[in-house]
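Architecture at a glance
Each chain, written out:
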Amino acid sequence: MPKKPKIAFYWCSSCGGCEESILDLAEDILAVVEAVDIVFWPVALDVKYKDVAAMGDGEITATLINGAIRIDEHESMARLLRQKSKLLIAHGSCAHLGGVVSLANFSEREDIFTRLYSDVPTVKNPQGLFPKSGTIDSGNYLELPGFNDTVKTLDQVVEVDYYIPGCPPTPELIKEAIMAVLEDRLPERGAVLAESKALCHTCPLKESKPETIRIKKFKRLYEFEWDPSRCFLEQGIVCLGPVTRGGCNARCIGANMPCSGCFGPLDNVTDQGAKAASFLASLIDSTDEEELQRITASIPDPAGLFYRYSLASSMLKGKVAGNKSD
Amino acid sequence: MNDFEPKIVGFLCNWCSYEGADAAGRARKVYPANFRAVKVMCTGRVDPQFVIKAFREGADGVMILGCHPGDCHYKEGNFQALKRYAVLRKVLVQFGIDEERFRLDWISAGDKEKFVDVVTKMTDSVRQLGPLRG
């Protein structure tokens, strides 16, 4: 019997949703397991790091890593798996673009610790204990992974061959990616394995989008009763469909929610947030400076909204140091 | 840091503001050498990515200079710039880039004094703020 190709899964800084997305393959996972050997998958299999280290270089056909790089352990595991794998695939928004967890790059490392271990109203920490990377307990040295200053994408740490976008990716895309690996029909290296056109092209509400959209106020979903059969933008609701890669089967739109951008920027766009700012601004129906201020004030957290999934991969990657007006 | 000289990148439209800067040059007006002019056909062409890239590559301040309202060679390109500016400045503040580091102004082909004035004021206020990456 010929040897089956080996596949590995690993998670870095993630919520676990990408692991779920593999399980969402449902019965199709049986076809995958039939075709491959899963040699490493911490969430489901008891395989130790040392077992991975013992594998030969390039022995794993493809490794899917989800989650962003937050602690030094993520970095060393990414390096190890890169060495052991022929193909390294970034799985999900966090590995691809930094994801929601990279919004932490708007805060300094110290501020994150102070907030988390002292300032949160539900935290009681009278001794002022903060995590540190090592401590001696009963004569034994105990070590914790180090917390990096910023969150990085997977490809800011190791070379990545392909990207499966989404928060989380659809089971269809994961299955298609794995089958493409097995059947040796992958596109050019570095490709994002989804649509190349924006979400709007496949949006079920496409027909209701008028020729021109003019917005006097950006509205939030709770503020009014919106019409689920009409284009969100036309109703003044921020939808990032025009600047977001398609391929998600318009899951959010189908669930009456606007696109929040998890499939990331289109090819040839570096900064999805800048593009979001650009297209939304152009829809504003005013050229009066005071009115413009009022309209832009109806987006309370523009950077968080536009860079929700892509801050670590954006041009500035996070807060620029040296803000004098703080 | 007293000897700090800021780098200011300016995006100037071909029809009004670049002409205005040229007019200032022809009239031998003096403006700060901190200013680096980038000519674009219209301020409506200034993608927010250009502004962000300028800051990333080391600019301490960025200016967009275009035709006065109503004077745009392409009718409303400068209004598009104004709207993008209104949104983008809020985004940049969240990145820690002060509002004074990013300005938009209208300079006509004949506004040589105004050109010198806005560039000088911008340079002075950014010099006061200090380097973006301190």
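Quick caveat, the model's predicted, so the values are computed rather than measured. (Residues numbered from 1 in each chain as written. Chains lettered and ligands numbered in written order. Predicted model: local features only at pLDDT ≥ 70, side-chain atom pairs only at ≥ 80, totals over all residues.)

What to know about the sheet that holds strand β1 (residues 6-11) of chain A
Residues and elements named next belong to chain A. Read across the open sheet, the five strands follow the order β2-β1-β3-β5-β9; overall the sheet is parallel. Of all the strands in the sheet, the pair left with one neighbour each is β2 (37-40) and β9 (162-164). Between one strand axis and the next, the sheet turns by 30 degrees as a mean value, whatever way the strands run. Summarising the sheet, β1 and strand β3 (residues 60-66) pair through five bridges and their orientation is parallel. When the sheet's bridge partners are listed, F9 is paired in β3 with L64. Seen against the sheet, helix α4 (residues 72-84) touches β1, β3 and β5 (85-91) and runs at an angle of roughly 135 degrees to β5. (Pairing = 2+ DSSP bridges. Helix = DSSP H or I, 4+ residues; strand = E, 2+ residues; numbered from the N terminus. Axes fitted to C-alpha atoms, helices over the stretch in contact; angles between N-to-C directions. Contact = placed C-beta atoms within 7 Å.)

What about the environment of K3 of chain A?
Tracing the backbone shows K3 of chain A in the segment before β1. The sequence separation of K3 of chain A and Y49 of chain A amounts to 46 residues, and the corresponding C-alpha distance is 23 Å.

Overview of the interface of chain A and chain B
On the side of chain B, 29 residues touch chain A, which itself brings 27 residues to the contact. Of all the secondary-structure elements, those providing two or more residues to the side of chain A that touches chain B are α9 (272-283), α10 (289-297) and α11 (302-306) of chain A. For the side of chain A that touches chain B, the leading source of residues is α9 of chain A, giving seven residues. Across the side of chain A that touches chain B, the residue classes break down as 14 nonpolar, ten polar and three charged. (Nonpolar A, V, L, I, M, F, W, Y, C, P; charged D, E, K, R; others polar.)

Considerations on the pairing of strand β4 (residues 102-106) of chain B
Residues and elements named next belong to chain B. Summarising burial for β4: four of the five residues are buried, a large majority. Pairing of strand β3 (residues 61-66) with β4 involves five bridges; the strand directions are parallel. Pairing of L65 across the sheet is with D105, part of β4. You can see the chain leave β3, run along helix α3 (residues 77-94) and come back into β4, and the turn it takes is right-handed. (Buried ≥ 20, exposed ≤ 12 C-beta atoms within 10 Å, placed from the backbone. Right-handed = clockwise from strand over helix to strand, strands pointing away.)

Some points on α9 of chain A
Under the 1.5 Å per step criterion, the end-to-end length of α9 of chain A is 17 Å for twelve residues, consistent within 8% with the ideal 16 Å. With respect to burial, α9 of chain A is a largely interior element, nine of its twelve residues being buried. Every buried residue of α9 of chain A is listed here: Q272, G273, A274, K275, A276, A277, S278, L280 and A281 of chain A. Tucked into the core, α9 of chain A has its buried residues touching α11 of chain A together with α2 (48-56) and α3 of chain B. (Expected span 1.5 Å × (residues − 1).)

Here's the deal with the domain arrangement of chain A
Residue and element names in this part refer to chain A. According to the domain assignment, chain A consists of domain 1 (6-100 + 149-182) and domain 2 (199-306). Between domain 1 and domain 2, the C-alpha centre-to-centre distance is 31 Å. Contact with domain 1, which involves eight residues of that partner, is made by seven residues of domain 2. Here the side of domain 1 that touches domain 2 takes three residues from helix α5 (residues 93-97), the largest share from any one element. Among the residues forming the side of domain 1 that touches domain 2, the class breakdown is four nonpolar, four polar and no charged. (Domains from an automatic or database assignment.)

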